[in-house]
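This is what each chain is made of:
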Amino acid sequence: EIKKDSLEMEELLSLNMKRTFAMFSDRVNEPAPEFEFAQKIKVASKISSEYSHVLEPPASTPLDAKNEAKQQPSKDVIKIIHSIEADKKERVEKNAQSETSNKSTSSSIVMYAPSTSAVGGDQSKVKNGAMILSKRPGPKVPTPSWHAPWKLQSVISGHLGWVRAIAFDPGNEWFVTGSADRTIKVWDLAKCAAGVEGGLKLTLTGHINCIRGLAISPRHPYMFSAGEDKKVLCWDLECNKVIRHYHGHLSGIYALALHPTLDILVTAGRDSAARVWDIRSKQQIYCLAGHTNAVGSLLTSTADPQIITGSHDCTIKLWDLAAGKAFTTLTHHKKAIRALAAGKREFSFVSAAADNLKRWQARDGMFLNNMRGHNSIINTLTLNEDNVLFSGGDNGTMTMWDYETGYPFQSHTSVVQPGSLEAEAGVFCSSFDMSGCRLITGEADKSIKIWKEDSEATPETHPID
C-alpha cells in the first residue's frame, strides 16, 4: 500500500509539473517579473533609511535633524512614493504630447534624465525624468588656410638629361642638381631666380649613370650623392673632390637622406633594402631589409621612427634605428609609393602613389586622411613651413595643397621647353628653398624651373572654393 501511495504521489507530482510548465512555457529562461509598486517601496525605504538625515537641511543641529528623521520615517516614504508617481504621470503626458505634435523633424538622440526630486533635489531644474533632446553634431568640414597661388619665375637650362635630384645649401645661397647626364651642377640661387647669366657655378663629374639622390650636410662641408651606378659618394665642398665611397648596394640607388642630428647616411634602391652608413668610417651599420620591391623614397627624423621607407611593393615601413627593425608596416596604398614628405609643424608625414596621397601620424603610423585630386603617377613631394605641399606628376601635372586639410588650392600643367616633345612634360624632383618662398622643380625636358608666390594675389582675387 505504501508503494502504491508513493507511485500515485509521483504521478500527481509529474502531472503537476507538466501543468506548471505548460502554464509558464512562454516565460522560460526569463527573469521573474518585478512588481512596480513593490520596487518603489523598496527604493523609497532604502532612501529613507540611508539618506533620511540629509534629505533636508538641519533646522538646528545635525543631531536634532537625525532624531526627527528617525521619528517620522513613514511620512518621508509616502512623500517619495507620491513624487515618483507624479513624475511618471508628467512623463507620460509629455510623451503623448510629443507624439501628437510633429514639430521635431531633426534626427535627435533621446537620453533619459533621472528625476532629482526622488532624492530631495531641486524640481525647478529637472522636474521629472524628462526627454532631453540633443541634436547629433554633423560632420565638421575643416576650413583650409588661404595660400597665394604660385607662378613661374624663371627657367634654367644646362643639363643634357632628365633632372632627377635637387638639394639646397643650408645657407640658402646656392643649390645643386643631379641629372641623367651623370653630372652634378652647382647653381647660384639669386642669379638663377633673377634670370641673369652666370647662374652656373660648377659642374662635378664622378658618376657613371643617372644621379638619383643628393644631400648637403648642415654640420660638415660635405655633399652626398647616389645614383643608378650603385655608387654612394661623399664630396668635400672645400676642394670639390670625392673623399669617400660607400660600397654595399647590389643595384641602382633611388633615394638618399641624411639624419638630422647623427652622423649617419641612409640610402635605398632597387635591391629592396635601405642601408645605414657611418659617414666617417664608411662602414655599413644596418641593412634594413623587409621590402619585396624597390625602395623609392626615404625620410629621416630625430624621434622614432627615425627612418621611414616607401617602396614599390605598395608598403611603408617605420623603422626603429636602435634595433634595426621595422616596428610598423602600412599597407593602405594600392600602387607603388614613389615619394614621401615630412610635416614641418607636426610629427606627421604624407606619402604619394598613383592612387592618391595619404597623411599619417609619424609616431605610430595612424592613418589621418586621404588627399584626392592629383590623378597621376606622383614622382615628388615637398613641403614648406607655411604648410604648402607640392606634388609633381609623371605627366607634368602639378598640384599645390593645404597640408593640414588636404585641400588642393592650385593645379596646373608644366609647359615644356621649345623644341621638346609634349611627352617630356614630367616633374621628377622638387624642393623648396630654406625660406620656403621659392620652389625649384627638375623636369623631363632637361630644364630646372623656379616658381614663386604671386605677390599680388589676395583672398578676394583668388578665393577658396
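Residues numbered from 1 in each chain as written. Predicted model: local features only at pLDDT ≥ 70, side-chain atom pairs only at ≥ 80, totals over all residues. Heavy atoms only, no water.

## A short note on the overall build of the protein chain
Reasoning step 1: For the protein chain, the count of helices and strands is five helices and 30 strands.
Reasoning step 2: Within the protein chain, the proportion of its 465 residues that are buried is 44%.
Reasoning step 3: Put simply, 46% of the contacts in the protein chain that link residues at least 6 apart link residues at least 24 apart.
Reasoning step 4: Summing over all exposed atoms, the protein chain offers an accessible surface of approximately 25,900 Å²; the carbon and sulfur share of this is 53%. (Helix = DSSP H or I, 4+ residues; strand = E, 2+ residues; numbered from the N terminus. Buried < 20%, exposed > 50% of the residue type's maximum accessible area, 1.4 Å probe, protein only. Contact = heavy atoms within 4.5 Å. Areas by Shrake-Rupley, 256 points an atom, 1.4 Å probe, with all protein chains shown as cover.)

## Here's the deal with the confidence of the model for the protein chain
Reasoning step 1: Scored by pLDDT, the protein chain comes out at a mean of 85, with 82% of its residues at no less than 70.
Reasoning step 2: In the model, residues 102-130 has pLDDT below 50 throughout and makes 44 contacts with residues more than four positions away in sequence or in other chains. (pLDDT = per-residue confidence, 0-100.)

## Observations regarding the packing of aromatic side chains
Reasoning step 1: Tallying each qualifying case throughout the model produces eight aromatic pairs.
Reasoning step 2: Pairing F224 with Y246 gives two aromatic rings, centres 6.4 Å apart and planes at 50 degrees, and the pair type is tilted. Placement of the pair is F224 in strand β9 (residues 222-227) and Y246 in the loop between β11 (241-245) and β12 (253-258), with a sequence separation of 22 residues.
Reasoning step 3: On the basis of relative accessibility, which here comes to 0%, the residue F224 falls in the buried class.
Reasoning step 4: Within the aromatic cluster, the residues linked to one another by ring pairs are Y222, F224, Y246 and W277. (Phe/Tyr/Trp six-rings, centres within 6.5 Å; stacked < 30°, edge-to-face > 60°.)

## Some words on the sheet that holds strand β28 (residues 427-432)
Reasoning step 1: Pairing is antiparallel across the open sheet formed by four strands, whose spatial order is β3-β30-β29-β28. A single partner strand is all that each edge strand has here, and the edge strands are β3 (150-157) and β28. Direction aside, the axes of adjacent strands within the sheet are offset by 25 degrees on average.
Reasoning step 2: Where β28 lies against strand β29 (residues 438-443), five bridges are found, and the strand directions are antiparallel. Considered in β29, the bridge of S431 is made with I440. (Pairing = 2+ DSSP bridges. Axes fitted to C-alpha atoms, helices over the stretch in contact; angles between N-to-C directions.)

## Description of the sheet that holds strand β20 (residues 337-342)
Strand pairing in a sheet relies on backbone hydrogen bonds. The paired strands run either parallel or antiparallel.
Reasoning step 1: Taken together, four strands build an open sheet; the order of strands is β20-β21-β22-β23 and the sheet is antiparallel. Edge positions in the sheet fall to β20 and β23 (367-371), since each of these pairs with one other strand and no more. Within this sheet the neighbouring strands show an average axis-to-axis angle of 20 degrees, counted without direction.
Reasoning step 2: Taken together, the five bridges between strand β21 (residues 348-353) and strand β22 (residues 357-361) define a ladder with antiparallel strand orientation. Each residue of the ladder has a partner; that of S351, found in β22, is K358.

## Quick word on the pattern of salt bridges
Reasoning step 1: Tallied over the full model, the rule gives eight salt bridges.
Reasoning step 2: Here R212 ties to E228 by a salt bridge, and the two come within 2.6 Å at their closest N and O atoms. With R212 in strand β8 (residues 211-216) and E228 in the loop between β9 and β10 (232-236), the pair connects residues that are 16 residues apart, well separated along the chain.
Reasoning step 3: Its relative accessible area of 18% is what places R212 among the buried residues.
Reasoning step 4: Note that D445 and K449 form a salt bridge whose closest N and O atoms lie 3.2 Å from each other. Per residue, the accessibility class of D445 equals that of K449, and both read buried.
Reasoning step 5: Via salt bridges that share partners, E443, D445 and K449 belong to a single interconnected network. (Salt bridge = Lys/Arg side-chain N within 4 Å of Asp/Glu carboxyl O.)

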